[in-house]
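Reading the structure
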Amino acid sequence: MYVDKTHYLAKLMEGGFKSVFLSRPHRFGKSLFTYTLQAYFEGKRELFDGLYIAQVEEELARRQGREPWGAIPVLRFDLNAKNYSTQEALRERLESKLSTLEAVYGIVDVASEPEERFIHLIHAVYAQTRKKVVVLIDEYDKPLLETFDNEELNQKNRILLKSFYEVLKKEEEYIHFAFLTGITKFSKVVLFSGLNNLVDITLADDYSAICGFTEEELTSHFAAQIEKLATKYQQSVEEAHAMLKKNYDGYRFSA
């Protein structure tokens, strides 16, 4: 089952944003949406058959003066699936992702610090493809949340991440689009002081349902599954709805 959220993808493209930030709790579909963005920018048209974006991509491309479904190089960094309890864990994670991306484009590592390798990677990919890159960073704050009770390690991770994320501003002329997700709201004062072009859509009305399911979507897309749930627990469909609402409702992501 998949609830089509690609109208939000189209809205992002039409909005003319350069760098976007989205905060949501765990298990809300942030990673799924970043994968959706990756597939879209990589021009994987076949994955979008029957979805909203497939219906509007040609018109969207025409208005933006580009070819529909044109592939753009994507640099994706997932900081979620890692334990950051050791001194070198974050650096190793960043270097591992950089090495993987460098291998894709046949790039030789010429820098020692992660932010310098990131800059070199962006420049090298642009030189190869003559296209600006898309940067996706999923769970930007995981290395900080996991080390919250270790002040020394947390500060070390914060300094490393600050330098790494500021590349998005320093190299913005080579970046087509950047999208960052996390659990905590970012702080322009502490971590993103140099990234003043980041647009926060966390509580924007137009994007409030970009992740997760609304009650309307639950009713329209999962009616058969809710009926099975009601049967299993010997409830009416209305009682099953009420149980789901009690356990999972209550989130609001609009101002």
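An account of the accompanying structure is given in this report. Keep in mind that what you see is a predicted model, and the values were worked out from it rather than measured.

**Here's the deal with the pattern of salt bridges**
The full count for this structure, using the stated rule, is 18 salt bridges. Residue Glu95 pairs with Arg91 through a salt bridge whose shortest N-O separation is 4.0 Å. In this pair, Glu95 and Arg91 are both assigned in helix 4 (residues 89-104), four residues apart and thus about one turn of the helix distant. On the basis of relative accessibility, which here comes to 24%, the residue Arg91 falls in the partly exposed class.

**So, the packing of aromatic side chains**
This structure, assessed with the given rule, holds 19 aromatic pairs. Ring centres 5.2 Å apart and planes at 70° place the aromatic pair Phe77 and Phe118 in the edge-to-face group. Taken together, the residues Phe77 in strand 2 (residues 74-78) and Phe118 in helix 5 (residues 114-129) connect sequence positions 41 residues apart. A relative accessible area of 0% means that Phe77 is categorised as buried. Just above the ring of Phe253 sits the side chain of Arg24; from NZ or CZ to the centre is 3.9 Å. In this structure, Arg76 packs its charged tip against the face of Tyr35, placed 3.7 Å from the ring centre.

**Concerning the nonpolar core**
Grouped together as the largest cluster of nonpolar side chains are 34 residues, with contacts concentrated most on Leu75, Phe77, Phe118, Val135, Ile137, Tyr165 and Leu168. Elements represented by at least two residues in this core include exactly strand 2, helix 4, helix 5, strand 3 (133-138), helix 7 (151-165), helix 8 (167-170) and strand 4 (175-182). Contact partners of Phe77, with chain neighbours within four places excluded, come to Lys97, Leu98, Leu101, Phe118, Val135, Leu136, Ile137, Asp138 and Phe164. Among the nonpolar cores identified, the runner-up in size contains 30 residues, and Leu9, Val20, Phe179 and Tyr207 belong to it.

**What about unusual backbone geometry?**
Note: most residues except glycine have negative phi, and most peptide bonds are trans. Positive phi outside glycine occurs at Arg130, with the angle close to 60°. Take Arg130: its relative accessible area is 56%, and that puts it in the exposed class. Unusually for a residue other than glycine, Gln234 sits at a positive phi of about 55°. As for its position among the elements, Gln234 is in the loop between helix 10 (223-232) and helix 11 (237-248). Given the relative accessible area of 76%, Gln234 is considered exposed.

**With respect to the pairing of strand 2**
Burial of strand 2 is extensive: five of the five residues sit out of reach of the surface. Inspection of the sheet shows strand 2 paired to strand 3 by five bridges, in the parallel sense. Residue pairing for strand 3: Leu75 is matched across the bridge by Val135.

About the thresholds
Residues numbered from 1 in each chain as written. Predicted model: local features only at pLDDT ≥ 70, side-chain atom pairs only at ≥ 80, totals over all residues. Heavy atoms only, no water. Salt bridge = Lys/Arg side-chain N within 4 Å of Asp/Glu carboxyl O. Helix = DSSP H or I, 4+ residues; strand = E, 2+ residues; numbered from the N terminus. Buried < 20%, exposed > 50% of the residue type's maximum accessible area, 1.4 Å probe, protein only. Phe/Tyr/Trp six-rings, centres within 6.5 Å; stacked < 30°, edge-to-face > 60°. Lys NZ or Arg CZ within 6 Å of the ring centre and 35° of its normal. Core = buried A, V, L, I, M, F, W, Y, C linked by side-chain atoms within 4.5 Å. Contact = heavy atoms within 4.5 Å. Pairing = 2+ DSSP bridges.

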